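# Analysis of the macromolecular model
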Amino acid sequence: MKSEKVLIGGALVMIGVAGTLLVAIPYVQLKDVKPPKGLKPYTTSQLRGREEYIRQGCVYCHSQQPRDRRQAPDGERGWGRPSVAADYYYDKPHLLGTMRTGPDLLNIGARQPSLDWHLGHLYQPRAYVPGSIMPPYGFLFDVKEKADAGERVLSLPPDFAPPGKVVVAQPRALDLANYLIALDRTYPAIDAPAETKR
Ligand code: HEC
């Protein structure tokens, strides 16, 4: 039947156009992207933290893509320069995110480099940001009488510390905080060209 041929032919054309625009052209544009000088590969702990970030669904509330000022005032919000493809060289899968219930986190490590702050904020966001709607991740920590050797004890604001007990970070909380601190793309978007000899 004629109409079937038109239908199948039309579908194939649409798949071809979409494949060219969304797969082939971006592939050619991005295949030679090199890691910027200022970007370090993630350490093993940071990679585990990245897995935890995915597992806990942080990406559903936090983007990792500061935008150009024509699209959003992200620079004025203190979230950093607009990101470029090379910033995600080591990110597989990327965690660009679409929701911004909380701030963009691509440069959180530069904004907030304190491990203590990150651990405390994960344990109870409202201890640091009154009225925060971020959920507390208390299950990444243990409340104990006394810390064992080598355990990281949280220094919480007095109102939030359980009386007479200590809060220690589980390894996955430490990995996650290490990952957050590694999020720092404040180097220049384009590497300065190598000096040429005259
Ligand atoms: C329901 C939405 C929601 C989820 C899920 C969520 N957050 Fe948040 N987050 C927020 C909001 C809102 C803020 C701003 C208030 C605050 O700082 O507590 C925030 C703030 C932050 C900040 C501080 C940002 C800054 O600029 O000071 C960090 C870091 C952060 N979140 C990390 C995480 C991580 C890691 C996870 C997953 C374990 C996570 N968030 C899950 C909503 C969320």
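Model, not experiment: these values are computed from the prediction.

### Comments concerning the overall build of the protein
Along the protein, the regular secondary structure elements total five helices and two strands. Over its C-alpha atoms the protein spans a radius of gyration of 22 Å, topping by over 25% the 16 Å that the globule rule assigns to 198 residues. Expressed along its principal axes, the backbone C-alpha trace of the protein runs to roughly 80 × 65 × 35 Å. In the protein, buried positions account for 23% of the 198 residues. The long-range fraction of contacts in the protein, counting pairs at least 24 apart against all pairs at least 6 apart in sequence, stands at 72%.

### Some remarks on the packing of helix H2 (residues 44-55) against helix H5 (residues 171-182)
Interaxial distance between H2 and H5 falls to 7 Å at its minimum, and their mutual angle equals 100 degrees. Considering the angle they form, H2 stands roughly perpendicular to H5. Packed against H2, whose contacting residues are Ser 45, Gln 46, Arg 48, Gly 49, Arg 50, Glu 52 and Tyr 53, the element H5 presents Arg 172, Asp 175, Leu 176, Asn 178, Tyr 179 and Ala 182 at the interface. Split into classes, the residues belonging to the contact of H2 with H5 amount to four nonpolar, four polar and five charged.

### Re the UniProt feature "transmembrane region" (unreviewed entry) in the protein
With numbering aligned to this structure, UniProt lists the feature "transmembrane region" (unreviewed entry) at residues 6-28. Counting secondary structure, residues 6-28 comes out at 100% helix and 0% strand; the distance between its end C-alpha atoms is 31 Å.

### Describing the UniProt feature "domain: Cytochrome c" (unreviewed entry) in the protein
Within this structure's numbering, the places UniProt gives as "domain: Cytochrome c" (unreviewed entry) are residues 44-184. Counted over residues 44-184, helix gives 26% and strand 6%. Its end C-alpha atoms are 17 Å apart.

### Here we look at the nonpolar core
With 21 residues, the main nonpolar core has Phe 141 and Ala 173 as its most contacted residues. In terms of residues, this core owes the most to one element, H5, which gives six residues. In contact with Phe 141, not counting residues within four places along its chain, are Tyr 123, Leu 154, Val 167, Val 168, Ala 169, Gln 170 and Ala 173.

Scoring rules and cut-offs
- Residues numbered from 1 in each chain as written.
- Predicted model: local features only at pLDDT ≥ 70, side-chain atom pairs only at ≥ 80, totals over all residues.
- Helix = DSSP H or I, 4+ residues; strand = E, 2+ residues; numbered from the N terminus.
- Rg over C-alpha atoms; globule rule 2.2 N^0.38 Å.
- Buried ≥ 20, exposed ≤ 12 C-beta atoms within 10 Å, placed from the backbone.
- Contact = placed C-beta atoms within 7 Å.
- Axes fitted to C-alpha atoms, helices over the stretch in contact; angles between N-to-C directions.
- Parallel < 35°, antiparallel > 145°, perpendicular 65-115°, else oblique.
- Nonpolar A, V, L, I, M, F, W, Y, C, P; charged D, E, K, R; others polar.
- UniProt positions renumbered as here; feature names shortened; annotations may be inferred.
- Core = buried A, V, L, I, M, F, W, Y, C linked by C-beta atoms within 7 Å.

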